[in-house]
Structures are given as structure tokens and as C-alpha cells.
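Observations on chain architecture
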Amino acid sequence: MFYKLSETEGGLRDYMNSNSQPDLNAKMRAILTDWLIEVHRKLELMPESLYLTINIVDRQDDTGVRRRS
């Protein structure tokens, strides 16, 4: 319940459907998320750790344009 409330109050915009991240697509985010879940399970971390990690990644991606180098 707390996480749902904080998620709605956080106000992240939908950066995947906007032009703010032209070099980032849904498939790339899915690959990263799958890898994070795999590491999370292997290290037997708390569920909150996974939630916060993905939240931080989303917030970072929402801050501005990231270009491939």
C-alpha cells in the first residue's frame, strides 16, 4: 500500500512513450529489469530492494535525455 501511494505521489511521467528518451526502448528496459530480478533472486534480497532499484532506474531515466555513446 505504501509503495502504491508513493508511486502515485512521485509523479513520474511516461518517459517510454515520449520523445524524451529516443535511444531507450521498452525492450531495453525489459532486459535490464529481467537482469535486476535475476540478481535479486540470486542474492536473496528483500522485495523492497528490487522495488527501490527499479524506481531509482525509472527516476534516472525520467530526468533527461540519455544518448548512446
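In what follows, the structure referred to is the one given above.
As a starting point, this report considers the structure included with it. (Residues numbered from 1 in each chain as written. Predicted model: local features only at pLDDT ≥ 70, side-chain atom pairs only at ≥ 80, totals over all residues. Heavy atoms only, no water.)

**Digging into empty space enclosed by the protein**
So the rule is basically this: Only protein atoms enter the 1 Å grid used here. Points where a 1.4 Å probe fits but cannot escape make up a cavity, open sets with protein on both sides within 12 Å along at least five of seven lines make up a pocket, and a residue lines them when an atom lies within 4 Å of a point. Grid points are joined across faces, edges and corners, and a volume is the space filled by probe spheres set on the points. In this description a helix means any DSSP run of H or I spanning at least four residues, a strand means any run of E spanning at least two, and both kinds are numbered starting from the N terminus. Under this grouping Gly is polar, as are all residues other than the nonpolar Ala, Val, Leu, Ile, Met, Phe, Trp, Tyr, Cys and Pro and the charged Asp, Glu, Lys and Arg.
Using the criterion set out here, one finds one cavity of 30 Å³ or more in the structure. Taken as a whole, the largest cavity holds about 30 Å³ of empty space. If you trace the largest cavity, you find it lined by Arg 29, Leu 32, Thr 33, Leu 36, Ile 54, Val 57 and Asp 58. Of all elements in the fold, only helix H2 (26-43) and helix H3 (47-62) reach the threshold of two or more residues within the lining of the largest cavity. Among the elements that make up the lining of the largest cavity, the one with the highest residue count is H2 (four residues). Per-class residue counts for the lining of the largest cavity are four nonpolar, one polar and two charged.

**Points about H3**
Where we set the bar: A helix's residues, less one, multiplied by 1.5 Å, set its expected span. Think of it in three bands: with a 1.4 Å probe and only protein chains considered, a residue is buried below 20% of the maximum accessible area for its type, exposed above 50%, and partly exposed in between. This arc describes the spread of directions from the helix axis toward the C-beta atoms. Here, residues are in contact when the closest pair of their heavy atoms is within 4.5 Å.
With 16 residues, H3 ought to run about 22 Å at 1.5 Å a step, and its terminal C-alpha atoms sit 23 Å apart, in line with that. Along H3, the residues that are buried comprise Leu 50, Ile 54, Asn 55, Asp 58, Asp 61 and Asp 62. Projected onto a plane normal to the axis of H3, the buried residues spread over an arc of 130° and lie on a single side. The inward-facing, buried residues of H3 abut H2.

**Section: the pattern of salt bridges**
For clarity, the threshold we go by: Criterion for a salt bridge: a side-chain nitrogen of Lys or Arg within 4 Å of a carboxyl oxygen of Asp or Glu.
What the rule picks out here adds up to one salt bridge. Notably, a salt bridge pairs Arg 29 with Asp 58, separated by 2.9 Å at the nearest N-O pair. With a gap of 29 residues between them, Arg 29 in helix H2 and Asp 58 in helix H3 connect regions that are remote in the sequence. Residue Arg 29 is classed as partly exposed on the basis of its relative accessible area, which comes to 28%. With a relative accessible area of 13%, Asp 58 lands in the buried category.

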